[in-house]
Amino acid sequence: SAVISQKPSRDICQRGTSLTIQCQVDSQVTMMFWYRQQPGQSLTLIATANQGSEATYESGFVIDKFPISRPNLTFSTLTVSNMSPEDSSIYLCSVEGVGGATDTQYFGPGTRLTVL
Amino acid sequence: GENVEQHPSTLSVQEGDSAVIKCTYSDSASNYFPWYKQELGKRPQLIIDIRSNVGEKKDQRIAVTLNKTAKHFSLHITETQPEDSAVYFCAASIGYIPTFGRGTSLIVHP
């Protein structure tokens, strides 16, 4: 599996501000994804980060609120914009295509966000 | 789209007992079924997976079975240990995006 890191690991933010989360992989991967996990809940896919083009968002998530970048095959960012307390959650990146293996997703350590 | 149901939501067992977690899926086109273990405060970790051309797969104390006709798959953990305590998520995948179940909190009492 790949080594996946996320920064920051946690943050406490004021409402109305924005936070950018970084995801770095130690090898090139074909797919990168961003998930949200609220306390005690399952994993909800926000979007697929496409290298060199706009991200593909799932129903209920929009680019203005969650802009995503993926400038190369090892790095992606997720911005949570104009935050409200409802955005408090854990945000996880995941990758697919490690070592040529399709389908299998590996997760980063997550970013715990608290919005006051 | 795909819908994955997972049961039970909580499972409490004594150390040494077996634990079984069951999932059903709705789309017969799903062809990849991973299981993840998530310890408190940690990331989900892939523990075992199975593809639609296989009926059963084992890895030490963990096994997964798949019944394509009935569209259900199960995780079996034998000789449970306290370190098996965690939340387990099943998923069903068509292509590259999995749909996750709601999770099962497994508690293993020493």
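Please read all numbers here as calculations on a predicted model, not as lab measurements.

Caption draft 1: Just the pattern of salt bridges, in detail. For the coordinates displayed, the defined rule picks out three salt bridges over all chains. For Asp87(A), the salt bridge goes to Lys65(A), with nearest N and O atoms at 2.6 Å. With Asp87(A) in the loop between strand S8 (75–80) and strand S9 (89–96) and Lys65(A) in the loop between strand S6 (56–57) and strand S7 (68–72), this pair connects stretches of sequence that are 22 residues apart. The burial state of Asp87(A) is the same as that of Lys65(A); both residues are buried. As a salt-bridge pair, Asp49(B) and Lys57(B) come within 2.8 Å of each other at their nearest N and O atoms. For Asp49(B), a relative accessible area of 12% corresponds to the buried category.

Caption draft 2: Highlighting the sheet that holds strand S3 (residues 19–25) of chain B. Residues and elements named next belong to chain B. Ordered by their spatial adjacency, five strands build an open sheet running S1-S3-S8-S7-S6, and the pairing between neighbours is antiparallel. Here the strands that pair on one side only, and so sit at the sheet edges, are strand S1 (4–7) and strand S6 (56–59). Across the sheet, the mean angle from the axis of one strand to that of its neighbour is 15°, orientation sign disregarded. In this structure, S6 lies alongside strand S7 (residues 62–67), joined through four bridges in antiparallel fashion. Within S7, the residue paired with Asp59 across the bridge is Ile62.

Caption draft 3: Geometry of the sheet that holds S7(A). Residues and elements named next belong to chain A. A sheet is described by the order of its strands in space; here four strands give the open sequence S1-S3-S8-S7, paired in antiparallel fashion. Single-partner strands in this sheet number two, and they are strand S1 (4–7) and S7. Averaged over all adjacent pairs, the angle separating strand axes in this sheet is 15°, with direction ignored. Looking at chain direction, S7 and S8 are connected through three bridges and run antiparallel. In the sheet register, Ile68 faces S8, and the bridge partner there is Leu78.

Caption draft 4: Layout of the nonpolar core. Residue and element names in this part refer to chain A. In this structure, Trp34, Ile46, Phe66, Ile68, Leu78, Tyr91 and Leu113 are the most contacted members of the largest nonpolar core, which totals 27 residues. Contributing elements (two or more residues each) for this core: strand S3 (19–25), strand S4 (31–37), strand S5 (44–49), S8, S9 and strand S11 (111–115). Of all the elements, S3 adds the most residues to this core, at four residues. Look past the residues within four positions of Ile68 in its chain and what remains in contact with it is Trp34, Ala47, Ala49, Ala55, Tyr57, Ser76, Thr77 and Leu78.

Caption draft 5: Structural context of the environment of Gly110(A). Residues and elements named next belong to chain A. Structurally, Gly110 is set in the loop between strand S10 (105–107) and S11. By relative accessible area, which is 7% here, Gly110 ends up buried. Gly110 has contacts with Gln6, Pro8, Ser9, Ile90, Tyr91 and Leu92, leaving out every residue within four places of it along the chain.

Calculation criteria
Residues numbered from 1 in each chain as written. Chains lettered and ligands numbered in written order. Predicted model: local features only at pLDDT ≥ 70, side-chain atom pairs only at ≥ 80, totals over all residues. Heavy atoms only, no water. Salt bridge = Lys/Arg side-chain N within 4 Å of Asp/Glu carboxyl O. Helix = DSSP H or I, 4+ residues; strand = E, 2+ residues; numbered from the N terminus. Buried < 20%, exposed > 50% of the residue type's maximum accessible area, 1.4 Å probe, protein only. Pairing = 2+ DSSP bridges. Axes fitted to C-alpha atoms, helices over the stretch in contact; angles between N-to-C directions. Core = buried A, V, L, I, M, F, W, Y, C linked by side-chain atoms within 4.5 Å. Contact = heavy atoms within 4.5 Å.

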